[in-house]
Amino acid sequence: MAKLSAYEREREANIARNRALLEQLELKQAVEGLGFPEKQAPQKTKAKPVQPAKKVKKEADAPRRQSARLRSAATLDPNESPSKKRKREAEEQERLAKEAEERIEAQERERLAKKPRHDDLNLIALTDEDTAAAASLSTELQNIVQIRTRRPANPEAFVFDEDSEDQAQVEELRGKLQSLKVVARAKVTENRVYSAAYHPEPTKDLIFFGDKHGQLGIWDARAPQDNEDEHNAETQENGKYWRLQVHWPATSQSSISSVKIDPIDSHTVYTSAYDCTIRALSFTSGVSREIFTNDETLISGMDVVPSGHEMWISDAAGGVTHLDLRQDKSKGKWYQLSDQKIGSVSINPSRENFLLTASNSKELRIWDTRKLQSMITDLSLDASTTEFDSEIVSRFRDSKEGAGCLRGEWRHDRSVSSAYWDPRGRGIVSTSYDDAIRIWDIHSPAFESPKPFPSARPLCRISHNCQTGKWLTILRAQWNPNPDVYPHFTIANMNHSLDIISCKGERIVRLSDSSKITAVQAVTCSHPSVVERAATGNASGRCVLWAPET
């Protein structure tokens, strides 16, 4: 404590003397007027038991943001070489990207805790509580005309004896398709487009796009906009779109691997995703419900039989699951048909029992599903068996009863990324990481015989760059589903264009527009009933409609 000066000591003494004098004279009011503090008696309080303090959970303080310049100023080497500088900057960018990803994942985990992953979800929940968007989408979906998605096709359609007849069909198609232009553009999904399906409604251009983070974008590409900007017509988005978060969490763990329209009920859309679930969105009820889950294996694709009652599902464990949609989802039966991931599965549209699989084991295979489903009886297995691993499948294939289970097998030089039947059920197109598109044509008598298909070279092999790398969706050749036109398919080109190729391997047309498209249109689909329609999507969620200009 600091020592008092002589003046301060004298002042304190005077105050004490004056106070004592006034108290002797009983002038209490005067004492109070001088501002002397009065000693108060301690208050009597009733004792209470000790209460535990409430523990308040403190959130960890977020790291203080600091610019990269200040962060590196202390350690920056003034004699740093250009190569070291480039390396340091690359590492810094990678670190920042990783931090951003971790931040997004943390936020998504928070959000996920509030969302029911396996529950039925209505449009309000799917649109993230946007009631206006939910109401407009409900009106849009209920106004769609009910139509049969997949029409039966004749396996012998467009089979000619003379090459000139095939060429005439190609020329007729070329005349229609070369007029296709970019007529509509929009950022339909927030993230990279993984899959797409074109609705069969002939009076609309309604396309469904599945993205990397489990979001289903619904785009009515020709719908008039509420607020059109004539001054920015070149850059303005076209049509109307809605974004539904049908799969959770909204991260790359929920990428929508395939989108399918129900073949007999065009008011139902199926989506499969990496979150190990398949959901069905009903237009009439506006509810998305889970129809299948395995809770452990990534689902890579699916297909629905033409009758609409059954589904085949491929997964990353090399298996396929048969699901009867009329039964409980727990009744599905799983068959391991490969030791590596099966990337796609396709059901023959005219002969439902022939199943086509493409896998990372470099093999394209055709299976007779009647044989697979008789495995329990033929091997005298327990009737409750629902999983058939590779050992059981191999034992069955080697048995007398399993003869003809594997009907065809064709090996590629690298992983087979996709393989699909054409609308007639006799042509096959496959894409592979060996930079080739292969086309097969299987004659009808081969399907009627119980023997395996004759091992043969493909009808043609087309060189095509399929090296998409990490940031692009895998390229898949997709048949036009219209059975009334000469079979042809679409596939993205790494030069930012769209290739349309005939079932004989001839390129019909290559569509491009460098003034409007500056990215690879990795995902493609075609209208099931209108020939002059195609849609594509890229890695940023931007989608394009190709149609004749009006």
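Residues numbered from 1 in each chain as written. Predicted model: local features only at pLDDT ≥ 70, side-chain atom pairs only at ≥ 80, totals over all residues. Heavy atoms only, no water.

By the naming in an unreviewed UniProt entry, the protein is DNA damage-binding protein CMR1, taken from Lentinula detonsa. Heading Sequence similarities (unreviewed entry) of the UniProt record for the protein holds this comment: "Belongs to the WD repeat DDB2/WDR76 family." Note on the protein: under the UniProt heading Function (unreviewed entry), the record states "DNA-binding protein that binds to both single- and double-stranded DNA. Binds preferentially to UV-damaged DNA. May be involved in DNA-metabolic processes." (UniProt positions renumbered as here; feature names shortened; annotations may be inferred.)

### Concerning the packing of aromatic side chains
One pass over the full model with this rule turns up 12 aromatic pairs. Centre to centre, the rings of Tyr335 and Phe388 are 4.9 Å apart; their planes meet at 10°, and the pair counts as stacked. In this pair, Tyr335 is assigned in strand 14 (residues 333-336) and Phe388 in strand 18 (residues 387-388), connecting sequence segments 53 residues apart. Each member of the pair, Tyr335 as well as Phe388, carries the same accessibility label: buried. What links up through ring pairs into an aromatic cluster is the set Phe354, Trp421, Phe447 and Phe453. Of note, Arg351 hangs over the ring of Phe447, and the distance from its end group to the ring centre comes to 4.1 Å. (Phe/Tyr/Trp six-rings, centres within 6.5 Å; stacked < 30°, edge-to-face > 60°. Helix = DSSP H or I, 4+ residues; strand = E, 2+ residues; numbered from the N terminus. Buried < 20%, exposed > 50% of the residue type's maximum accessible area, 1.4 Å probe, protein only. Lys NZ or Arg CZ within 6 Å of the ring centre and 35° of its normal.)

### Some thoughts on helix 6 (residues 131-142)
Compared with an ideal rise of 1.5 Å per residue, which puts 12 residues at 16 Å, helix 6 spans 16 Å between its outermost C-alpha atoms and is within 8% of the ideal. Within the sequence span of helix 6, burial applies to Ala133, Ala134, Leu137, Glu140 and Leu141. Seen from one end, helix 6 has its buried residues packed into an arc of 130°, which puts them on one side. Those residues of helix 6 that are exposed and aimed more than 90 degrees away from the buried face are Thr131 and Ala132. Looking at the buried residues of helix 6, the elements they touch are helix 5 (123-126), strand 4 (206-211), strand 5 (215-220) and strand 6 (240-245). (Expected span 1.5 Å × (residues − 1). Arc of directions from axis to C-beta. Contact = heavy atoms within 4.5 Å.)

### Quick look at the sheet that holds strand 18
The strand order 11-12-13-14-18 describes an open sheet built from five strands, whose pairing is mixed. Looking at which strands have only one partner, the edges of the open sheet turn out to be strand 11 (299-304) and strand 18. Sheet topology note: the strand 13 (residues 319-324)/strand 14 ladder contains four bridges and is antiparallel. Looking at strand 14, one finds that Thr321 is bridged to Trp334. (Pairing = 2+ DSSP bridges.)

### Digging into the UniProt feature "repeat: WD" (unreviewed entry) in the protein
In the numbering adopted here, UniProt assigns the feature "repeat: WD" (unreviewed entry) to residues 335-377 and 412-444. Helix makes up 3% of residues 412-444 and strand makes up 55%, while its end C-alpha atoms are separated by 24 Å.

### Observations concerning the side chain of Ser361
Note that Ser361 resides in the loop between strand 16 (354-359) and strand 17 (363-368). Ser361 sits in the buried class, given a relative accessible area of 10%. Separated by 3.3 Å, the side chains of Ser361 and Glu363 make a polar contact. Among all residues touching Ser361, those that are not within four sequence positions of it are Ser338, Asp339, Gln340 and Arg411. (Polar contact = N/O pair within 3.5 Å; in protein donor to acceptor, adjacent residues only side chain to side chain.)

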